[in-house]
Amino acid sequence: MKDETAIHYASNQSNNQNNNQISTSESEQLDLLSGEQEGSRQVKPLATFQVITDTHVTEEPQHIHNLHLERALTDLLSFSEGSSGIMHIGDVTDHGRLGEYHELHRILKPYRTLLPPIRYTLGNHDVGIGLVDEPPAHLLSMSSQEIHAWVQEAMTKSAKAPMQEEQLGDFWEKRLGMFMKATDSQAPYHDHWIDGYHFIFLGTEQPHPKDCEMSSTQLQWLETTLAEKAVPNRPIFVFLHQPLLNTVAGSMEEQGWYGVKQDAELKAVLNRYPQVMLFTGHTHWTLDNERTRYGNDQQQPSMFNAASVAYLWTDEDEYLEGSQGLHVEIYEDRVVVRGRDFVQGCWLEGVEYTVSYPVSHEVEPTL
């Protein structure tokens, strides 16, 4: 794995194999996983990477979120050798507290030399004002509408006693600063060329409790960055915590877990690059869902919901204890995305998608 370029970001941003043994049958399964059968020979992917999201690390070592992250990292050891990296797409912590980052580093420490590098995306729980206080004890039994109501109540309370602009700026700088230091990130948005492929990470620039607020500067940066060496036969991988409206599972208007304030503007930029593959989190929706992938033609970007490591959500609007993520394989003419159950340590049946390249030169006017 080779990161070929320095991180790029907007100039106006703040200055601020372990010893586990694998059986023969398991080894054969991994060989099949890392390549596809074509005739009598095996075709290996040119590169691979993994996508995880919504780890929601807490300050309690035995919390189920923390235990799920440890289990996910252990499972990733079994199939991530030679990977271009693990891409984390936000809500690294539950409240953005220093103690949670300390716990994150405790969990990561045994894996640092064993796993590929982890690159991070900014989530609303990492920097969002109104999420500083503890949520209701019965949060996981609440419906998505009830959770939305709680978020709105927190925002209303903040509005009644709003922070002065200087205080709000201090809050943002402090929370963003902790995130960047803990994750070795340089800015809310950044990009990398890794193994010949472009990886672009977007993020909020305001401490909104739920949504993503993108500046015109970031959108222009994205336009310029997407154009860099862009060709129809090479995918561009983009990562953002919140999904766009009416795209992947959980982002339907009635479900409520979309969340980009500049939704139309971002869609307009992405739509000019149908070779883009956008990965989002935030919804926690399970991967065995018909809308895990959005966009199934070659005239618009493909978008993928990446579920959650901490806990899952269902179409029945219910909490589900579990932990899932994605494994991505890049071939000469296609990208294959597979769903993984980290708790069971197995591939999710029926959760496999293929995006073919090159993409069409003809682009639809809107997503």
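Up top is the structure.
Cut-offs and rules
Residues numbered from 1 in each chain as written. Predicted model: local features only at pLDDT ≥ 70, side-chain atom pairs only at ≥ 80, totals over all residues. Heavy atoms only, no water. Pairing = 2+ DSSP bridges. Helix = DSSP H or I, 4+ residues; strand = E, 2+ residues; numbered from the N terminus. Axes fitted to C-alpha atoms, helices over the stretch in contact; angles between N-to-C directions. Buried < 20%, exposed > 50% of the residue type's maximum accessible area, 1.4 Å probe, protein only. Expected span 1.5 Å × (residues − 1). Contact = heavy atoms within 4.5 Å. Parallel < 35°, antiparallel > 145°, perpendicular 65-115°, else oblique. Left-handed = near helix turned anticlockwise from the far one by under 90°. Nonpolar A, V, L, I, M, F, W, Y, C, P; charged D, E, K, R; others polar.

**Student:** What should I look at first to understand the sheet that holds strand S3 (residues 47–52) in this one?
**Tutor:** Strands in a sheet are paired, the pairing made by backbone hydrogen bonds, and the direction either parallel or antiparallel. A sheet is described by the order of its strands in space; here six strands give the open sequence S5-S4-S3-S14-S15-S16, paired in mixed fashion. Whereas interior strands pair on both sides, the edge strands pair on one side only; in this sheet they are strand S5 (118–120) and strand S16 (346–356). Neighbouring strand axes in the sheet, compared pairwise and without regard to direction, differ in orientation by 20° on average. Where strand S4 (residues 86–88) and S5 come together, three bridges link them in parallel fashion. Directly across from isoleucine 86, in S5, lies its bridge partner isoleucine 118.

**Student:** Please clarify how unusual backbone geometry should be interpreted in this entry.
**Tutor:** Most peptide bonds take the trans form, and the phi angle of most residues other than glycine is negative. A cis amide bond, omega 5°, links tyrosine 357 with the succeeding residue proline 358. In this structure, aspartate 184 is a non-glycine residue whose phi angle is positive, near 55°. Along the chain, aspartate 184 falls in the loop between helix H6 (165–183) and strand S6 (190–194). On the accessibility criterion, aspartate 184 (61% relative accessible area) is exposed.

**Student:** Explanation requested: helix H7 (residues 216–227) in the structure shown.
**Tutor:** Think of an α-helix as 3.6 residues a turn; residues three or four steps apart then line up on the same face. Between its first and last C-alpha, H7 extends 17 Å over twelve residues, near the 16 Å set by a 1.5 Å rise per residue. Here H7 has its buried residues at Gln218, Leu219, Trp221, Leu222, Glu223, Thr225 and Leu226. The elements touched by buried residues of H7 are S6, strand S7 (197–201), strand S8 (236–240), helix H8 (263–270) and strand S9 (276–280). Directly beyond the C-terminal end of H7, a positive phi value near 55° is found at lysine 229.

**Student:** I'm lost on the sheet that holds S9 in this one. Help?
**Tutor:** With respect to topology, six strands assemble into an open sheet ordered S6-S7-S8-S9-S11-S10, the strand pairing being mixed. Taken across any chain shown, the strands that pair with only one partner, and hence form the sheet edges, are S6 and strand S10 (293–294). Relative to strand S11 (residues 302–305), S9 runs parallel, the two sharing four bridges. Bridging across to S11, methionine 277 finds its partner in serine 302. Contacts from H7 reach S6, S7, S8 and S9, with the element oriented near 170° to S7.

**Student:** Would you mind going over the packing of H7 against H8 with me for this structure?
**Tutor:** A packed helix pair is summarised by two numbers, namely the angle formed by the two axes and the spacing between the axes. In the contact formed by H7 and H8, the axes pass within 10 Å of each other and the chain directions differ by 10°. Classed by the angle they form, the pair H7 and H8 counts as roughly parallel. Of the two possible hands of crossing, H7 and H8 adopt the one that is right-handed. Contact residues: H7 offers Leu219, Leu222, Glu223 and Leu226, while H8 offers Glu265, Leu266, Val269 and Leu270. Among the residues making up the contact of H7 with H8, the classes are represented as six nonpolar, no polar and two charged.

Interpretation note: all reported values are geometric properties and have no functional meaning in isolation.
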